[in-house]
Amino acid sequence: MKIAEEGVTVRQIKITEPKIDQYHRDLRCEYCTTTYQITTDGIIKPIDKSLLSTGIVIWDKINEEYILKE
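Residues numbered from 1 in each chain as written. Predicted model: local features only at pLDDT ≥ 70, side-chain atom pairs only at ≥ 80, totals over all residues. Heavy atoms only, no water.

Caption draft 1: Quick look at the pattern of salt bridges. The tally for this structure, following the rule as stated, stands at two salt bridges. Across the salt bridge formed by arginine 25 and glutamate 17, the nearest N and O atoms sit 3.8 Å from each other. Across the pair glutamate 17 and arginine 28 runs a salt bridge, and its minimum N-O distance is 3.2 Å. Placement of glutamate 17 in the loop between strand 2 (7-15) and strand 3 (27-38) and of arginine 28 in strand 3 is noted, with a sequence separation of 11 residues between them. Salt bridges sharing common partners tie together Glu17, Arg25 and Arg28. (Salt bridge = Lys/Arg side-chain N within 4 Å of Asp/Glu carboxyl O. Helix = DSSP H or I, 4+ residues; strand = E, 2+ residues; numbered from the N terminus.)

Written as structure tokens, this is what we have:
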């Protein structure tokens, strides 16, 4: 998630592996990015959305988290 004056950008990632038998390994995924803007009356409105893409999330041993490899 990235917050800026223009709006809030959110990347959503969905793991598409049919069976996860081992964590902390590379996993296939789908992802898209949506940018939202908060209007002056407080409504959160999507202003831009990327196409659905495929990629891989890889395990970062140093930071102990998954990272999207595009």
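Caption draft 2: A look at a nonpolar patch on the surface. A contiguous nonpolar surface patch, about 440 Å² in accessible area, is contributed by Ile13, Ile15, Ile20, Tyr23 and Tyr66. With respect to the helices, strands and loops of the structure, tyrosine 66 is situated in strand 6 (residues 65-69). Residue classification places tyrosine 66 among the partly exposed residues on the basis of a relative accessible area of 30%. (Patch = residues over 30% accessible without salt bridge, like charges linked within 9 Å, V, L, I, M, F, W, Y side chains within 5 Å. Areas by Shrake-Rupley, 256 points an atom, 1.4 Å probe, with all protein chains shown as cover. Buried < 20%, exposed > 50% of the residue type's maximum accessible area, 1.4 Å probe, protein only.)

Caption draft 3: Examining the environment of glycine 55 more closely. Counting through the fold element by element, glycine 55 comes out in strand 5 (residues 53-60). Given a relative accessible area of 13%, glycine 55 falls into the buried group. In the structure, glycine 55 is positioned 20 residues away from threonine 35 in sequence and 20 Å away in space, judged by C-alpha atoms.

Caption draft 4: Representation of the environment of proline 18. Inspection of the secondary structure puts proline 18 in the loop between strand 2 and strand 3. With 10 residues separating them in the primary sequence, proline 18 and arginine 28 have C-alpha atoms 9.4 Å apart.

Caption draft 5: Representation of the side chain of threonine 35 in the model. Relative to the helices and strands, threonine 35 resides in strand 3. Among the residues examined, threonine 35 registers a relative accessible area of 17% and is labelled buried. Filtering out sequence-adjacent residues up to four positions away, threonine 35 remains in contact with Val8, Thr9, Lys45, Pro46, Ile47 and Asp48. (Contact = heavy atoms within 4.5 Å.)

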